[in-house]
Amino acid sequence: MSTELLAQITNSLVDGDPDQTVAGTKQAIAAGLEPLAIIEGGLVPGMRIVGERYASGEYFLPNLIVSASGMKQAMALLAPELKARRQELKSAGTVVIGTVRGDIHEIGKSLVATMLAANGFEVHDLGVDVPVDAFVSRVREAGANLVGLSALLTTTMRGQKDVIDALANAGLRQQVKVMVGGAPVTKKWADDIGADGWAQDAVAAVALASRLVARG
Amino acid sequence: MRPTLRMLSESLVGQIVAEGMALLRDPGVRVHNVEARRLLAEAGADVDEGRLVARIPERIVRQALETTARDFNLFTLDGQPAVHYGGDDVHFDPGSAALAILDPETNRQRVPVTADFIRLLKLVERLPQIDAQSTSMICGDVVPEIGDLYRLYLALNYIRKPIVTGAFRTDTWWVMKEMLAAVAGGEAALAARPIAVFDVCPSPPLLWSDLTCQNLIDCARAGIPAELVSMPLAGATAPVTLAAAVVQHTAECLSGIVIGQLAKPGAKIVWGGSPAAFDMREGTTPMGDVGTWMIDCAYAQVGKSLGLPTHAYLGMSDAKIIDAQCGMESAGGTLLGALAGVNMISGAGMMDFESCQSLEKLVIDAEMIGMAKRLLRGIEPRDEPIALGLFQKMGHRADYLAEPHTLKWFTKELYLPSPVIDRATTDGWLRKGATTAAERAADRVRSLVASYQQVPVPPELRRELRAIATRAAQSFGMSALPPLPDFDLV
């Protein structure tokens with residue numbers, strides 16, 4: 001019974017049917033399954049398969065986003081259940097993410113934010129054209145351990161370095177790992193400005209984030 | 001008969017225009033420019049100063065369509081009409097504002113500098129298939145604040161072809177206008193015989209930023225043509241259905257025409273764009289995609305239905321080197337844009353979406369442009385009767401090569417490519433070094449650039465232009481411009 005329910009949840013994510021993910025999650029809660037079991041046995045495997053299919057070229061960005069939406073809605077149902085049991089979902093990490101000052105490109109940044117949230121990160125998305133100070137103060141307030149900086153223009157890429165420098169000046173650089181991305185951003189640029197990592201797409205960004213946080 | 005491409009049925013065009021007008025009423029257009037909001041409010045639009053949204057009734061749009069210019073000419077720098085924006089006339093210019101140049105030595109991108117752009121200018125002046133210049137590179141050896149005006153400054157020194165350009169700031173637009181007026185012989189002469197058109201880009205969906213809106217207003221008032229570059233990204237910043245993306249384009253361009261006409265009735269405004277069908281795997285903006293081309297051709301048809309001059313970014317490739325993908329994508333867009341009758345097709349030489357200019361690609365693209373122009377001239381009878389008279393003379397003989405009829409017509413009937421296109425026998429190709437198209441293109445770039453001759457610009461005008469550009473550079477903390485040794489300007 002429970003195996004079947006968990007498989008349904010997994011399949012609903014893979015099929016990109018958030019309504020089914022929500023229905024399946026409710027059913028599983030009603031059937032008395034432990035929230036952690038639902039997450040680890042139903043949701044996480046579903047998102048893993050979706051990520052694999054994207055990486056292999058079978059799935060496209062809209063598939064990623066719809067599955068992430070199902071995951072997010074299911075997690076919202078499970079949060080009170082976890083709380084009632086005095087359980088805590090081991091957060092994968094707390095991320096402050098945004099597109100740097102002077103740059104209004106949203107798509108790539110939002111995609112990474114969505115995928116991080118779907119993979120268990122607590123995401124603080126500051127939006128676009130974000131001032132340097134806003135990154136710093138949110139990192140401090142949220143106790144973040146990860147920062148994601150997006151830039152789509154060669155003219156705004158420098159803003160990534162400005163944030164990294166400002167984090168250092170505020171004494172927060174040891175607390176956070178910084179990852180950078182955006183069309184003109186390269187591994188070399190990331191190294192040059194003292195970032196901790198660079199990813200070429202949203203799926204790679206999740207893998208990078210998990211790696212950076214695990215490294216501590 | 002001239003071959004033409006129609007992407008939309010008449011009824012679909014009508015529905016797209018109607019829905020475009022409806023979008024301007026609800027949800028309206030976001031206008032981040034104070035003056036434009038004031039103009040819109042005074043004209044009777046419902047302007048929400050809190051949300052910076054203007055809801056524009058159809059009456060105002062119809063009025064603007066009444067006063068906007070149906071066509072106009074762009075002139076060469078020495079005052080000859082060279083590009084006609086209007087009707088189904090088709091012209092080509094290189095893609096604009098490349099952040100990178102493909103270095104033919106390394107086959108990798110790098111930041112372009114003054115010498116690269118001068119080489120490109122010389123090449124464009126010499127390429128017969130290219131009708132207008134574009135300020136196609138952003139030079140990395142000047143401060144970024146003058147990146148826009150510095151390109152124009154160089155162009156004004158090296159070429160005579162009309163210019164497609166654009167400003168990156170509101171203050172530098174005035175410097176650019178000052179330089180153009182100096183060349184044209186004053187502001188009135190510049191308005192009467194414009195030598196440049198400015199690209200102004202709304203942000204999808206339905207947003208006019210402060211900068212681009214101000215550029216539009218300033219162009220309208222100065223009598224300088226403005227080219228609306230609306231860029232719905234189907235599936236990301238615009239609906240994924242192509243028709244709906246064209247509706248968004250229609251609304252963005254109509255709002256641009258309204259703002260321009262409110263600033264100055266009669267202003268010359270081009271119905272243009274650079275849309276793309278979002279790539280659902282990489283999250284990029286492919287210019288070599290068939291969906292992109294279809295949106296372009298469809299919106300051009302919409303613009304023509306309103307009687308407006310048109311523009312599109314076509315003939316580009318997303319490839320990173322000059323390879324098969326580069327050739328096929330550039331050819332596809334070039335041909336379709338020509339068949340759609342787009343007045344100005346920008347994009348030649350451009351690759352890696354819209355970010356890298358390649359001189360070698362430009363000369364390859366020029367061959368495709370030459371073929372597209374030949375295609376547009378269509379097939380004509382030439383003789384009456386078409387062939388019967390000839391056959392009475394020739395019977396079954398096959399030696400047309402020696403016939404005066406062939407000599408009379410072959411240059412008009414056939415497109416005669418440059419040596420970039422290889423049509424040798426295999427042995428001939430081997431003898432000539434077994435080259436690739438890119439290698440032959442590099443040879444042609446070298447020979448055309450070497451054959452460039454200075455354009456006759458009076459020395460005092462060169463000095464005046466340099467003084468204007470230098471003042472701008474100094475105001476942004478750069479004490480001197482890079483030298484122009486061709487004219488002893490240091």
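## What to know about the overall build of chain A
Across its full length, chain A holds nine helices and five strands. Traced from its N-terminal end to its C-terminal end, chain A shows the element sequence α-α-α-α-β-α-β-α-β-α-β-α-β-α. The C-alpha radius of gyration computed for chain A amounts to 18 Å, which stays within 12% of the reference 17 Å derived for 216 residues, consistent with globular compactness. With the C-alpha coordinates aligned to their principal axes, the bounding extent of chain A is approximately 55 × 40 × 25 Å. The proportion of buried residues among the 216 residues of chain A is 43%.

## Notes on the packing of helix 2 (residues 34–43) of chain B against helix 9 (residues 242–263) of chain B
Residue and element names in this part refer to chain B. Where helix 2 meets helix 9, the axes come as close as 10 Å, and the angle between the chain directions of the two elements is 85°. By the angle between their directions, the pair helix 2 and helix 9 is classed as roughly perpendicular. Of the residues in helix 9, those touching helix 2 at A36, L39, L40 and A43 are I259, L262 and A263. Per-class residue counts for the contact of helix 2 with helix 9 are seven nonpolar, no polar and no charged.

## Notes on the pairing of strand 1 (residues 93–99) of chain A
Residue and element names in this part refer to chain A. In terms of burial, strand 1 is a largely internal element, six of the seven residues being buried. With five bridges connecting them, strand 1 and strand 2 (residues 121–125) associate as parallel partners. Across the sheet, the residue bridging to V95 is V123, located in strand 2. In the sheet, strand 1 pairs with strand 3 (residues 146–150) via five bridges, with the strands oriented parallel. Residue pairing across strands places I97 opposite G148, the latter belonging to strand 3.

## Digging into the sheet that holds strand 5 (residues 197–198) of chain A
All names here are of chain A. On the basis of which strands lie adjacent, the open sheet formed by five strands has the order 2-1-3-4-5 and parallel pairing. Of all the strands in the sheet, just strand 2 and strand 5 have a single pairing partner and so form its edges. By the bridge criterion, five bridges tie strand 3 to strand 4 (residues 177–181) in an arrangement that is parallel. Looking across to strand 4, one finds that S150 is bridged to G181.

## Some points on the sheet that holds strand 12 (residues 207–208) of chain B
Residues and elements named next belong to chain B. Read across the sheet, four strands follow the order 2-3-1-12 without closing on themselves; strand pairing throughout is mixed. Each edge of the open sheet is held by one strand with a lone partner, namely strand 2 (46–48) and strand 12. Pairing geometry for strand 1 (residues 29–31) and strand 12, over two bridges, is parallel. By the bridge assignment, V31 is partnered in strand 12 with W208.

## Some thoughts on the packing of helix 3 (residues 35–56) of chain A against helix 4 (residues 61–84) of chain A
Relative orientation and spacing of two packed helices are given, respectively, by the angle between their axes and the distance between those axes. Residues and elements named next belong to chain A. Interhelical geometry of helix 3 versus helix 4 gives an angle of 170° and a closest axis separation of 11 Å. Comparing the axis directions of helix 3 and helix 4 gives the class roughly antiparallel. Every residue of helix 4 that contacts helix 3 at P35, I38, I39, L43, G46, M47, V50 and Y54 is listed here: N63, L64, S67, M71, A74, L78, E81 and L82. When the residues that make up the contact of helix 3 with helix 4 are grouped by side-chain class, the tally is twelve nonpolar, three polar and one charged.

## Focus: the nonpolar core
Residues B:A226, B:I259 and B:A298 are the most contacted members of the largest nonpolar core, which totals 159 residues. No other element matches helix 9 of chain B, which puts twelve residues into this core. Not counting residues within four places of it along the chain, the set of residues in contact with B:I259 comprises B:A36, B:L39, B:W208, B:C213, B:L216 and B:I217. Within the second largest apolar cluster, 61 residues are counted, among which are A:A28, A:V95, A:L111 and A:V185.

## Some remarks on the domain arrangement of chain A
Residue and element names in this part refer to chain A. Each domain of chain A was delimited in the assignment, giving domain 1 (2–84) and domain 2 (93–215). Taking only C-alpha atoms, the centre of domain 1 and the centre of domain 2 are 27 Å apart. Those elements that place two or more of their residues in the side of domain 1 that touches domain 2 are helix 3 and helix 4. Taken together, the residues of the side of domain 1 that touches domain 2 break down into eight nonpolar, one polar and one charged.

## Quick notes on the pairing of strand 7 (residues 100–103) of chain B
Residues and elements named next belong to chain B. By the bridge criterion, two bridges tie strand 7 to strand 20 (residues 356–357) in an arrangement that is parallel. When the sheet's bridge partners are listed, I101 is paired in strand 20 with Q357. As defined by bridge partners, strand 7 adjoins strand 8 (residues 108–110) across three bridges and the pair is classed as antiparallel. The partner of L102 across the bridge, within strand 8, is Q109.

## Let's talk about helix 4 of chain A
Residue and element names in this part refer to chain A. Across its 24 residues, helix 4 extends 35 Å between first and last C-alpha, which sits within 8% of the 34 Å expected from 1.5 Å per residue. At L78, helix 4 shows its maximal bend, which comes to roughly 30°, and the proline P80 appears one to four places after that position. When helix 4 is considered as a whole, its buried residues turn out to be L61, L64, S67, A68, G70, M71, A74 and L78. Where helix 4 is buried, its residues touch helix 1 (2–15), helix 2 (18–30), helix 3, helix 5 (107–118) and helix 9 (202–215). Among the residues trailing helix 4, R86 stands out with phi positive, at a value near 55°.

## Concerning unusual backbone geometry
All names here are of chain B. In this chain, P204 is followed by P205 through a cis amide linkage whose omega measures -10°. In this fold, P205 is placed in the loop between strand 11 (196–200) and strand 12. Looking along the chain, the bond that leaves E384 and enters P385 is cis, with omega of -5°. By the secondary structure assignment, P385 is in the loop between helix 12 (359–377) and helix 13 (388–394). Phi is positive for L206, close to 60°, though the residue is something other than glycine. When you line up the elements, L206 lands in the loop between strand 11 and strand 12. The exposure class of L206 is buried, given the 23 C-beta atoms found within 10 Å. Even without being a glycine, D352 presents a positive backbone phi close to 50°. One can find D352 in the loop between strand 19 (350–351) and strand 20.

## Topic: the interface of chain B and chain A
Facing the six residues of chain B at the interface are ten residues of chain A. Here the side of chain B that touches chain A is composed, by residue class, of four nonpolar, one polar and one charged.

## Quick look at helix 2 of chain B
Within an α-helix, residues lying three or four positions from one another point in the same direction, as the helix has 3.6 residues per turn. Within helix 2 of chain B, burial applies to B:A36, B:R37, B:L39 and B:L40. Around the axis of helix 2 of chain B, the buried residues are gathered within 160° of arc, so they sit on the same side.

## A closer look at the confidence of the model for chain B
It should be kept in mind that the predicted coordinates are not to be read in detail where pLDDT is low. Residues of chain B with pLDDT of at least 70 account for 100%, and the chain-wide mean is 97. Predicted complex, confidence summary: ipTM 0.84, pTM 0.92.

## Some remarks on the confidence of the model for chain A
The predicted model of chain A has a mean per-residue pLDDT of 92, with 99% of residues at 70 or higher. Taking the mean pLDDT of every element in chain A, the minimum, 89, falls on helix 9 of chain A and the maximum, 97, on helix 2 of chain A.

Thresholds, definitions, all that
Residues numbered from 1 in each chain as written. Chains lettered and ligands numbered in written order. Predicted model: local features only at pLDDT ≥ 70, side-chain atom pairs only at ≥ 80, totals over all residues. Helix = DSSP H or I, 4+ residues; strand = E, 2+ residues; numbered from the N terminus. Rg over C-alpha atoms; globule rule 2.2 N^0.38 Å. Buried ≥ 20, exposed ≤ 12 C-beta atoms within 10 Å, placed from the backbone. Axes fitted to C-alpha atoms, helices over the stretch in contact; angles between N-to-C directions. Parallel < 35°, antiparallel > 145°, perpendicular 65-115°, else oblique. Contact = placed C-beta atoms within 7 Å. Nonpolar A, V, L, I, M, F, W, Y, C, P; charged D, E, K, R; others polar. Pairing = 2+ DSSP bridges. Core = buried A, V, L, I, M, F, W, Y, C linked by C-beta atoms within 7 Å. Domains from an automatic or database assignment. Expected span 1.5 Å × (residues − 1). Bend = angle between axes of the 7 residues up to and from the residue. Arc of directions from axis to C-beta. pLDDT = per-residue confidence, 0-100.

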